[in-house]
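# Remarks on the overall topology
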Amino acid sequence: MAQPFVKKDDDDEEAEYSPFLGIEKGAVLQEARVFNDPQLDPRRCSQVITKLLYLLNQGETFTKIEATEVFFAVTKLFQSKDIGLRRMVYLMIKELSPSADEVIIVTSSLMKDMNSKTDMYRANAIRVLCRIIDGTLLTQIERYLKQAIVDKNPVVASAALVSGIHILQSNPEIVKRWSNEIQEAVQSRLALVQFHALALLHQIRQNDRLAVSKLVTSLTRGSVRSPLAQCLLIRYTSQVIHESASNSQTGERPFFDYLESCLRHKAEMVILEAARAITELNGVTSRELTPAITVLQLFLSSSKPVLRFAAVRTLNKVAMTHPTAVTNCNIDMESLISDQNRSIATLAITTLLKTGNESSVDRLMKQITNFMSDIADEFKIVVVEAIRSLCLKFPLKYRSLMNFLSNILREEGGFEYKKAIIDSIVILIRDIPEAKESGLLHLCEFIEDCEFTYLSTQILHFLGIEGPKTSDPSKYIRYIYNRVHLENATVRASAVSTLAKFGAMVESLKPRIFVLLRRCLFDSDDEVRDRATLYLNTLGGDGSEVETGENGNEFLFGSLEVPLVNLETSLKNYEPSDESFDITSVPKEIKSQPLAEKKAPGKKPTTGLGAPPSGPATTVDAYERLLSSIAEFSSFGKLFKSSASVELTEAGTEYAVNVVKHIFDSHVVFQYNCTNTIPEVFLENVAVIVDSSDAEEFSEVASKPLRSLPYDSPGQTFVAFEKPDGVPAVGKFSNILKFIVKEVDPSSGEAEEDGVEDEYQLEDLEVVAADYMLKVGVSNFRNAWESMGADYERVDEYGLGPRESLAEAVNAVINLLGMQPCEGTEAVPSNSRSHSCLLSGVYIGNVKVLVRLSFGIDSHREVAMKLSVRSEDESVSDAIHEIVSG
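As a starting point, this report considers the structure included with it. (Residues numbered from 1 in each chain as written. Predicted model: local features only at pLDDT ≥ 70, side-chain atom pairs only at ≥ 80, totals over all residues. Heavy atoms only, no water.)

## Section: the packing of helix α4 (residues 83-96) against helix α6 (residues 119-132)
Contact pair α4 / α6: the axes reach a minimum separation of 9 Å and the direction vectors enclose 10°. The angle between the axes of α4 and α6 places the two elements in the roughly parallel class. Residues Ile83, Arg86, Arg87, Tyr90, Ile93 and Lys94 of α4 form the contact with α6, whose own contacting residues are Met120, Tyr121, Asn124, Ala125, Arg127, Val128, Arg131 and Ile132. Broken down by class, the residue content of the contact of α4 with α6 amounts to 8 nonpolar, 1 polar and 5 charged. (Axes fitted to C-alpha atoms, helices over the stretch in contact; angles between N-to-C directions. Helix = DSSP H or I, 4+ residues; strand = E, 2+ residues; numbered from the N terminus. Parallel < 35°, antiparallel > 145°, perpendicular 65-115°, else oblique. Contact = heavy atoms within 4.5 Å. Nonpolar A, V, L, I, M, F, W, Y, C, P; charged D, E, K, R; others polar.)

## A short note on the pairing of strand β5 (residues 655-663)
In terms of residue burial, β5 counts as a mostly covered element, since 9 of its 9 residues are buried. Of the two faces of β5, the one carrying Tyr655, Val657, Val659, Lys661 and Ile663 and the one carrying Ala656, Asn658, Val660 and His662 are both buried. Across 2 bridges, strand β3 (residues 641-642) lies against β5 in antiparallel orientation. What sits directly across from Lys641, in β5, is Ile663. As paired elements, strand β4 (residues 646-647) and β5 share 2 bridges and run antiparallel to each other. Bridge pairing links Glu647 to Asn658 in β5. As paired elements, β5 and strand β6 (residues 667-676) share 9 bridges and run antiparallel to each other. (Buried < 20%, exposed > 50% of the residue type's maximum accessible area, 1.4 Å probe, protein only. Pairing = 2+ DSSP bridges.)

## Details of the pattern of salt bridges
For the structure on display, the rule yields 29 salt bridges. Glu31 serves as the salt-bridge partner of Lys51, at 3.3 Å between the closest nitrogen and oxygen. Residue Lys51 is found in helix α2 (residues 42-57), and its partner Glu31 is found in helix α1 (residues 25-31); the two are separated by 20 residues along the sequence. The residue Asp339 makes a salt bridge to Arg308 at a minimum N-O spacing of 2.9 Å. With a gap of 31 residues between them, Asp339 in the loop between α19 (330-334) and α20 (342-355) and Arg308 in helix α17 (residues 305-321) connect regions that are remote in the sequence. With relative accessibility at 10%, the residue Asp339 sits in the buried group. Residue classification places Arg308 among the buried positions, given a relative accessible area of 12%. (Salt bridge = Lys/Arg side-chain N within 4 Å of Asp/Glu carboxyl O.)

## Observations regarding the packing of aromatic side chains
Taken as a whole and judged by the stated rule, the model has 15 aromatic pairs. On the numbers, 5.5 Å between centres and 85° between planes, the contact of Tyr655 with Tyr760 is edge-to-face. Placement of the pair is Tyr655 in strand β5 and Tyr760 in strand β12 (residues 756-761), with a sequence separation of 105 residues. Plain terms: the ring middles of Phe670 and Phe733 are 5.0 Å apart, the flat faces sit at 75° to each other, and that makes the pair edge-to-face. Of this pair, Phe670 sits in strand β6 while Phe733 sits in strand β11 (residues 731-743); the two residues are 63 residues apart in sequence, bridging distant segments of the chain. Grouping aromatic residues by their ring pairs yields a cluster made of Phe670, Tyr672, Phe698, Phe721 and Phe733. (Phe/Tyr/Trp six-rings, centres within 6.5 Å; stacked < 30°, edge-to-face > 60°.)

## Side note on the side chain of His835
For His835, the location among the structural elements is in strand β17 (residues 834-843). Within the structure, His835 has its side chain in polar contact with the backbone oxygen of Thr825 (distance 2.6 Å). His835 has contacts with Leu806, Val810, Thr825, Ala827, Val828, Pro829, Leu853, Ser854 and Phe855, leaving out every residue within four places of it along the chain. (Polar contact = N/O pair within 3.5 Å; in protein donor to acceptor, adjacent residues only side chain to side chain.)

## Here we look at unusual backbone geometry
Unusually for a residue other than glycine, Asn685 sits at a positive phi of about 50°. Locating Asn685 in the fold gives a position in strand β7 (residues 681-694). For Asn685, a relative accessible area of 46% translates into the label partly exposed. One non-glycine residue with positive phi stands out, namely Asn846, at about 60°. Checked against the element boundaries, Asn846 lands in the loop between β17 and β18 (847-857). What makes Asn846 exposed here is its relative accessible area of 54%.

Function cannot be inferred from these measures alone, as they are strictly geometric.
This is the structure we're talking about:
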């Protein structure tokens, strides 16, 4: 059943229900039989089609049979001459999206309407036909569409142009043949026709930068009369200015005079579009901004809410980069704080917070206090972020701003809103030392009534870091210990950890903390009891004499540089012995793939003798234990990296082989995972013969063949190569699988004694530069980049040649370097002409590396790239550039 549309009345809060409340698909389909009546009732048919459209738009699905029956019934309505009903028929056909067989049935009727004398029929028939037919039928009506583009009736011409915009996505060759007609339509005196024609012409030429520039040049001379088309032209002009600025060394902006002249246009939408375009120019100067800011200031006092909103929103964006340029508008914006439209008021306040001076802070706070209760949480978050920026700008005003944040923290609000306030208080505490104690007390007071577990745990964690550093840490203990009694198990466990941090960092509080932790030993939750026990033991609260040194504090409270999933796996695999657990042995890279082993169809996975357990979290650790247990490889040192498996055979072949590359400082070990998929044979003395003639820096030093390989029981054979120590040597290796084949007796299942030597050609294997890089991310790239320093920074530019898209180029470089993308920068927006990507990793020798990539693509799909590298070693920075240039 379709869901009703319910609208709440703001005055009496009575519900107003949709007239379609409670309609059911079955009942409406029954009503659709009215389409078959000999004497059609246009009014009733229109009502039934309206119900069908409502059901479709509410997400109701029709079966193939139901859709076909409705479609054929609707086509019978073409016999009616009622214009209103005919328009409903057009809508219904578009929504049903008939199949190719059904389209033929209705094509003749639509083509007849397309040549009708009734303009309304012609326009709608064009839209429907172009929506439902494919490329083969499109050529049959192309002549009619070209004629329609230059039709005198604006409705018909616009219908053809809009249809061309849609067709361009699937059949661009056909639409490009209409260029002459489209250019003629661009010169039309009809506003809507000119708008649609310009949009279509730009889409045809958008991948040719020179053609777009010529289009803008010709139209900026004054041939565009339509305000809508003028707005489009302003956008295209901005694009040309942006692209020409990146290639020009003179600093001049072509077409800027045109944008400035649009500020004096009689249409308000054109003025706003021009002002917005000027404010968004790269490197815009104060002189260039002045005329745009002036017209926006005039719109702030407009009687039209949409103009006030557009103006204040644009000024809000300008205030982020040029706050002084907006200062002259402050008086006008202060009057907007009381605007009935809360969106306008919110933007006005946040803009004032960005542009106001220190003397105006207190006045603004009073105005905002009365305003906050009237707006939604999403707007409140914007205000909170603006207040945070203002406090960092004027740190002497932290008291009034911190009190404001504390007051709104106690008011009603959702999770995201509360989180934004807490994040702001935390930032102020960290950046303004004088705000620390008052800010921590505000957080302690909030946690008493906090309903969100996540926020409570985050506040407790922060208290454990900052609280012990204050002049009187003892005053926070009461708030923390109250959480142990009054909260859920998650918050109680977090409170225990916070208490332990105070005990570890404040010696005078240790006796009190010990008493509180001992009380936690009787908690009903295992996690709480375990934490209390661990901390008492570590801090010496269990009666033992323990000094809490730096190592103990770092172990309990320091940040981990390894993924938690890897630490958990390593701890599970740790076997108690005289040697203590070493956290430096935990792999820093998370493997996304387990050991990939080919399995026979229909068989359950089996683990071969000596094969490490599979699974993303256990792979690295398991590989290291496996290799260290083999005498030939035990002297190679610590394993740096193990690659994902690489298939050396095609799916479905008699022998399935994949290889994993294990990288050491001066060795590379190839682990060949082999599976025999033939039930009738048994393999012995299985080995891979590797030809390294195309890998001159490698020399084979050891191999370990596989004694036997029964059916569907994976096994491993190894070959080790020596390479120059610490050098990222690369090369190609050819591989041949050699073995003795013995037939298996079907009755006994035993292999025959005599066998035949055989071999099987495998795919070539390559060791590439990415094999010497660990994917290790950083949580805050900017901080990591700045802390790395510019001592070993190397910057250069490269041409990557023609590419299908910018995304392809970005992925190619990421794969080439084998580094971890940071902060989601690997995702490239569609149709983007430039992009920046951030990468991090650890190079062989445990050298941290950070990379900044800047890409650009031109109209010929040629990609240019700027590569900036920072690392802890000069030679590594150079090596990254050599990888790209090679």
